[in-house]
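# Commentary on secondary and tertiary structure
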Amino acid sequence: LEGSKPGVCTTGNSLDYHDTDMKIMKENGAHVKDMEASGIAWSCALHGVPHFGVKVVTDIVDGDVATPKEFMENLSKAAEALQFAVPKVLDYVCGNGP
């Protein structure tokens, strides 16, 4: 889909950046860290259920801006991006899109 990028998602137990998070991301070729999506994908894989995740990024793991501040600054942009993308994703998944 236009404007989207495929990527590998890892997980962690905090919103903030930790050295361990970056180590795990690098070892797995990950593009993002998320606390929920990875667990859902892992559970689907365990049970042979197809998984198609859609995520928006609100904060940069190793960025210079404090995580809570960056999250709040980007939350509305993320919501707008999802409002634009989700109908297109549904059309694609249901075979109605390009």
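It should be noted that the structure appears before, not after, this text.
A few points on the structure. The model shown is predicted, which means the values in this text are computed figures rather than measured ones.

## Regarding the state of the cysteines
Disulfide: a covalent bond formed between the sulfur atoms of two cysteine residues. Per the stated rule, a full pass over the model turns up zero disulfides. Free cysteine: C44, not disulfide-bonded; nearest cysteine sulfur from C9 at 13 Å. The structure places no disulfide on C94, whose sulfur is separated from the nearest cysteine sulfur, that of C44, by 17 Å.

## Observations regarding the pattern of salt bridges
Overall, the coordinates contain four salt bridges when judged by the stated rule. K33 is the partner of D21 in a salt bridge, and the nearest nitrogen-oxygen pair spans 2.8 Å. Of this pair, D21 sits in helix α1 (residues 19-27) while K33 sits in strand β2 (residues 32-33); the two residues are twelve residues apart in sequence, bridging distant segments of the chain. Assessed through its relative accessible area of 17%, K33 is described here as buried. Here K55 and D34 are joined by a salt bridge, their closest N and O atoms 2.7 Å apart. With K55 in the loop between α2 (37-46) and α3 (67-93) and D34 in the loop between β2 and α2, the pair connects residues that are 21 residues apart, well separated along the chain.

Criteria and thresholds
Residues numbered from 1 in each chain as written. Predicted model: local features only at pLDDT ≥ 70, side-chain atom pairs only at ≥ 80, totals over all residues. Heavy atoms only, no water. Disulfide = S-S within 2.5 Å. Salt bridge = Lys/Arg side-chain N within 4 Å of Asp/Glu carboxyl O. Helix = DSSP H or I, 4+ residues; strand = E, 2+ residues; numbered from the N terminus. Buried < 20%, exposed > 50% of the residue type's maximum accessible area, 1.4 Å probe, protein only.

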